[in-house]
Amino acid sequence: MAAVQWHSRSRRYEAELQSCGLEVAPVEFGDYHPLKSVTVTDSKSLRGARKGSTSSSSNSVAPDPLSSMLDGTDPLSMFASASASEPPLTLSHSSSTGDLGRGKRMEMEDEVGVNFEPWSSKRGEILARFTTTEKLSINLFMGSDKGKAPSPGSSAVSEKVRTRLEELDDLEEDSQRELLNLSQQDYVNYIEKLNQSLKEAWASDQKVKALKIVIQCSKLLSDTAVIQFYPSKFVLITDILDIFGQLVYERIWSMCSDPRSLPDSFTADVNVNDTAKKTCLNWFFKIASIRELIPRLYVEVALLKCNRFLTKCGIQETLPRLTAMIRGIGDPLVAVYARAYLCRIGMEVAPHLKDCLNKNVFDLLGTFRQIHGDSVQNQLVLQRVEIPVYLTLYSPAIHWILQCVSYRAPEPLLTEMMERCKKIGNNALLLYSVMWAFRAEFIATRATDFIGMIKDCDEAGFPKHLLFGSLGRSLACADPPEAERLPILNEAWKVITKVRSPQDYINCAEIWVEFTCRHFTKREVNTVLSDIIKHMTPDRAFEDAYAQLQSVIRKILIYFHDFSVLFSMERFLPFVDMFQKDSVRVEVCRSIMDVFIKHQQEHTRDPVILNALLHICKTMHDSVNALTLEDEKRSLALLINGFIRMVSFGRDFEQQLSFCVEARATFCNLEPVLVQLIHTVNLLAMETNRVMRGSHSHKTAAFVRACAAYSFITIPSLSSIFSRLNLYLLSGQVALANQCLFQADAFLKAAVSVLPEVPRSICIEGKLRSSEGFLLDFINNFLSALLVVPDHPEAGVLYLVRGLLNMVQDYTWEENSDAKFHVYISALPLLAAMSQETYLYSIPKVDSNETLYGGDPKFVAEINKLCETLIGHVLDHLKSLGRDESVRRQGSLAFTLFGCILAHGELRNNKLNQLSVNLWNLSHKHSYCDTRTSMQTLESIKHQAQQPGMAHISDMVQRLTLQSRT
Amino acid sequence: MSASLDIRLKRANKVYHEGEVLAGVVAIVSKEAVQHQGITLTMEGIVNLQLSSKSVGVFEAFYNSVKPIQLITSNIEVVKQGKVPGGKTEIPFEFPLHTKGNKVLYETYHGVFVNIQYTLRCDMKRSLLAKDLSKTCEFMVHCLPQKAKLQPTPVEFTITPETLQNVRERSLLPKFLIRGHLDATNCVITQPLTGELVVESSDVAIKSIELQLVRVETCGCAEGYARDATEIQNIQIAEGDVCHSLPIPIYMVFPRLFTCPTLETINFKIEFEVNVVIVLHDEHLITENFPLKLCRA
């Protein structure tokens, strides 16, 4: 093909815009719009005001599926909480779950609601808390008692007689075992093994063996050696008992379920057949003959539910008897846990029978003096256990009992229990559990009384910090009377501050921080903080208490959202300084920043806040090192950016800039922050521009140049090439908008000079991707900006365009890619636009080339020459593609060029006209063209031809043939 | 070819009273038809007495076991000689529980020296080549309830070192005071033995408090009679040093089969006693004995 000639089509942008634009139809406010949220109009108040009412959108409800997911509980956590609230071993048809299925729910009183903390949640806590390193032993007499010295009562017994009971005890010949020196883990494993063998025995129909295993297990509960482990032992063994109870219940259930399964509300008289009753009775006779008190008690409690099969009020009659039976247990610890188990099963099986629970409490109070009795003291001396440690062993059981009792209990009953507790000496242990288990409101209204009682407690007994901790927990949930709050805090803190052990101190103080934050001002909180600092600093005690200290911060942040108040607490930052372990420190800073971003509504220039937050952000920033994960960096940067965005000095632009300078120095390692800073400075420049209404004074012009300088020196420090390119372009545009021509030139030149550095592939979200698309996007964007950039007076015509094209030419593009030529083609519209008399857009107060050259023919000729060179390059490439048999690429590139010439070329020129026809034919030569696109193109050309003054196109249309595919 | 024979009583708990009808089925399960020479059912009630070696010599005890006393016996032929078809065959039967003469059906009791047992045996006689089949099952007889209404008579007791008998050196005893009561000593056998016990004071810690149920069996014979007390069961009601002056419940269920209403006949006697046994930490053993009278109501 011969050398082409280029002439740009002259455009009248205004007229085109008008002819192309759709008719504008005014839309009324209240009218339907697809993106507007669904409007729910309150028909009562807004009837008749529907149309045109803007207020209707104010009470609109947006049924956004995402947000509605967030504010409701999500299904997974709902499941989790549901399963957690279920009693640990409910049977599939047990009353508690079965009742839900029944249409009519029983009276609410008869049910245990979800607000009752279930045993299962306590279980784990107890197991984790009560551990031992001492050696344990298990003494199992699976055989008969023969081996032992004849029991004292058997003097009147003839030895050869084997009683029924002994028969029961006889499991395997001589399987009496004594396991000594077990570690705690061995012990747990062993009990788990027993659990397994229980299930196996049951499955293989060895019911008697199963019963024996259970009896042996419950016997272990009468052994208080290694007393620290007792609560955990209780948990492990009652698990087995629960399983046993369930197995027996299910078995008898299945006997009645033939052929129809038993309704949940069955009664013994109607639904239970004789065989089932007989079996059930047999179980109870067997249990009644168990020799020892504790196994008999526990096994009977485990089977409590089975009483339903015998008589209607069986449970009601059995509970008081079992309650009384516990009086026979001499060891107070064993007794209290037996009570806890009875209360637990009682609550599960018959939650409406409250009397028995109360009776348990009163019995407990009645025997309370046992705890300080001689036998206990002797035992403690023997085991070398201190009294405070011993007393805390009681708390899980007493907590549980009191929790059961106080659940939905009437106020007078609680008051009565309180009064009774008061009368008993050494009642710290009871107080502790009362405060823990009773309703928080109940405690809160009597907080002053409680403080008095706590003060009266014996120093040597139950640890006081636990008592105050328990009280504090209640007060965090419910508010004491207004007038008592300050005295309460003073009294409590007086004691807390005297706690010697830092660990105990911080456990307690942490709880009380919440109360302080809830009701008092920064002054009191500040005092508390300084006290904590004073206690935790010696010997670096804070190192072991990071969790609690963090919780203190968290609580303060819940109540103090006003950061000017927060940071005006003198001790807040010193408190934060106690977190000296890097990971914790960063986490704390993070939580502070989270709250700041969430709750800070207005921009701030408060120097206190700025200094403090800068310090905090610096801490976060400084934690970044070579090993920091990308995600971590990102989230830190997000928080810091949030802070930077909230800083505003209002009209004091210079100070803002100097803040940015400082921030840049501080956060130099986090690229997203630098990017944010550049954006902030650009914004600042534009803001100045806005304030000055486009015409800068001498002073503001200098300031704007300073902003540009800031960006210019910051951008090179970014490692991401595209951030750099985009920011150069953006900053160039900002500089241009502010009439800083030299600066704009420098930015754009810099962008052009950076171009060759763009790698062929970049890493996006951990995957290597080709950078070509990004690069093309950028170049197109860049080209469109170049339209308004006036030529440098000292450089040649179209200096930047040429520079860019040169770079494009030298850039090592991917092999087999036409990207370079696409760039060439996309430069054509720019050049065409440049040769117009008036440009499509311009920048106020900046003279673009249109005014500089004023449509000088020499300038236009220069442009045309450049276009011709570009088209020549593209045509050469098309030829080479034809040689390389890459006809598909050839077709599509030809079509692109055709489109470009059609839109921007002067088609009255015959050569250009002919060239476009040739390109059309070339693109259709190998029928790789999308027929639909071709059709649409043709249609559009025909449409254009009908416009006035476009007659020359209609000739051309005749020559464009559509190849039908055959 | 295997056939199985089973007796199934109508009542699941197998408990009958005098004058009632013992009803059930004989169930024969076999794959093929069974040839037999008649199926018979035998119902029998027997009192077995044995002399203890304590009361008489070992040899005498061995040889001189007293002749069993038959309370009731009855024999019927359920099916005459013939063939039982294959599959499951159930043949219903009924025995009226009537005694002859002035004999009384004593309650079922399993003891050491006295056993009162009622059995039902089913025999299938077969030809010489095949083994006879037999199946025995025990059924329980309970006495008829007493007509007269029992008035519970509570029994109070106080145990101190002074009230004890059988003490060698009274001065060595620790001081203690235990009070309590049994709600009744004439007990209904189906109701538990109940009462309360209070440890008012004790110098030495208590180790355990137990209830020991004892049977006293007396067998009369030509040379006199033998009386033996043996333990039935021992139920612990308190373990460890219990709280002082707090009532501890006394509660014991009478085991079935091993207890029966107190019985007194010409040949033998069955009586029951309960011991409240208090074990002190220094292994001192204090026992308080209460004779019981059991009955049915």
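Residues numbered from 1 in each chain as written. Chains lettered and ligands numbered in written order. Predicted model: local features only at pLDDT ≥ 70, side-chain atom pairs only at ≥ 80, totals over all residues. Heavy atoms only, no water.

Going by the annotation in an unreviewed UniProt entry, the name recorded for chain B is Vacuolar protein sorting-associated protein 26C, with Coregonus suidteri given as the source organism. The UniProt entry for chain B carries this comment under Subcellular location (unreviewed entry): "Endosome". (UniProt positions renumbered as here; feature names shortened; annotations may be inferred.)

Within an unreviewed UniProt entry, the label attached to chain A reads VPS35 endosomal protein-sorting factor-like, and the organism entered is Coregonus suidteri. Recorded in UniProt for chain A, the comment headed Sequence similarities (unreviewed entry) runs: "Belongs to the VPS35L family." Its UniProt record, at the heading Subcellular location (unreviewed entry), says of chain A: "Endosome".

Enquirer: Before we go on, may I ask you to explain the pattern of salt bridges in this structure?
Expert: Close approach of charged atoms allows side chains of opposite charge to pair. Residues and elements named next belong to chain A. If you walk through the whole model with that rule in mind, you get 40 salt bridges over all chains. Among the salt bridges present, the one from E419 reaches K422, with a minimum N-O distance of 3.6 Å. Placement of the pair is E419 and K422 together in helix α20 (residues 411-423), with a separation of three residues, close to one helical turn. When its relative accessible area of 36% is taken as the criterion, E419 is described as partly exposed. (Salt bridge = Lys/Arg side-chain N within 4 Å of Asp/Glu carboxyl O. Helix = DSSP H or I, 4+ residues; strand = E, 2+ residues; numbered from the N terminus. Buried < 20%, exposed > 50% of the residue type's maximum accessible area, 1.4 Å probe, protein only.)

Enquirer: Mind showing me how you'd approach the state of the cysteines here?
Expert: Note: disulfide means a covalent bond formed between the sulfur atoms of two cysteine side chains. All names here are of chain A. For the coordinates displayed, the defined rule picks out zero disulfides over all chains. Left without a disulfide partner, C256 is nearest to the cysteine sulfur of C280, which lies 8.6 Å away. Overall, the relative accessible area of 6% leaves C256 in the buried class. (Disulfide = S-S within 2.5 Å.)

Enquirer: Could you clarify how one ought to interpret the sheet that holds strand β1 (residues 3-9) of chain B in this entry?
Expert: Whenever strands of a sheet pair, they do so through backbone hydrogen bonds, lying parallel or antiparallel. All names here are of chain B. The sheet built from three strands is open, its strands ordered β1-β3-β8 with antiparallel pairing. At either end of the open sheet lies a strand with only one pairing partner, and these are β1 and β8 (87-96). Looking at each pair of strands side by side, their axes are set apart by 20° on average, direction ignored. Pairing analysis gives seven bridges linking β1 to strand β3 (residues 21-30), with the strands arranged antiparallel. In the strand pairing of β3, L5 is matched with I28. (Pairing = 2+ DSSP bridges. Axes fitted to C-alpha atoms, helices over the stretch in contact; angles between N-to-C directions.)

Enquirer: Would you mind going over empty space enclosed by the protein with me for this structure?
Expert: Gaps between atoms show up when a probe of the same size as a water molecule is rolled over them. Residue and element names in this part refer to chain A. Under the criterion given, the structure shown has 10 cavities of 30 Å³ or more. In this structure, the second largest cavity encloses a volume near 120 Å³. Tallying contributions element by element places helix α16 (residues 332-349) first for the lining of the second largest cavity, with four residues. When the residues that make up the lining of the second largest cavity are grouped by side-chain class, the tally is 10 nonpolar, three polar and two charged. (1 Å grid on protein atoms, 1.4 Å probe; cavity = no way out; pocket = protein on both sides within 12 Å on 5 of 7 lines; lining within 4 Å. Points joined across faces, edges and corners; volume = space filled by probe spheres on them. Nonpolar A, V, L, I, M, F, W, Y, C, P; charged D, E, K, R; others polar.)

Enquirer: I tried to follow the packing of aromatic side chains on my own but got confused; where do I start?
Expert: Residue and element names in this part refer to chain A. Applying the stated criterion across every chain yields a total of 46 aromatic pairs over all chains. An angle of 90° between the planes, with centres 6.2 Å apart, marks the rings of W202 and F244 as edge-to-face. Residue W202 is found in helix α9 (residues 184-203), and its partner F244 is found in helix α11 (residues 230-256); the two are separated by 42 residues along the sequence. When sorted by exposure, W202 lands in the same class as F244, which is buried. On the numbers, 5.7 Å between centres and 50° between planes, the contact of F722 with F774 is tilted. In this pair, F722 sits in helix α37 (residues 721-737) while F774 sits in helix α39 (residues 772-786), placing the two residues 52 residues apart along the sequence. The structure contains a cluster of three or more aromatic residues connected by ring pairs, namely W119, Y230, F234, Y298, Y337, Y341 and W400. Residue placement shows R420 over the ring face of F362; its charged tip is 3.8 Å from the ring centre. Over the ring of F442 we find R446, and its NZ or CZ is 3.9 Å from the ring centre. (Phe/Tyr/Trp six-rings, centres within 6.5 Å; stacked < 30°, edge-to-face > 60°. Lys NZ or Arg CZ within 6 Å of the ring centre and 35° of its normal.)

Enquirer: Would you take a moment to explain the sheet that holds strand β13 (residues 155-159) of chain B for this structure?
Expert: Residue and element names in this part refer to chain B. Read from one edge to the other, the open sheet built from four strands follows the order β13-β14-β16-β19, with strand pairing classed as antiparallel. Edge positions in the sheet fall to β13 and β19 (248-252), since each has one partner strand and no second. Neighbouring strand axes in the sheet, compared pairwise and without regard to direction, differ in orientation by 20° on average. Judged from the five bridges that link them, β13 and strand β14 (residues 176-182) form a sheet pairing that is antiparallel. Of the residues in β14, the one forming a bridge with E156 is H181.

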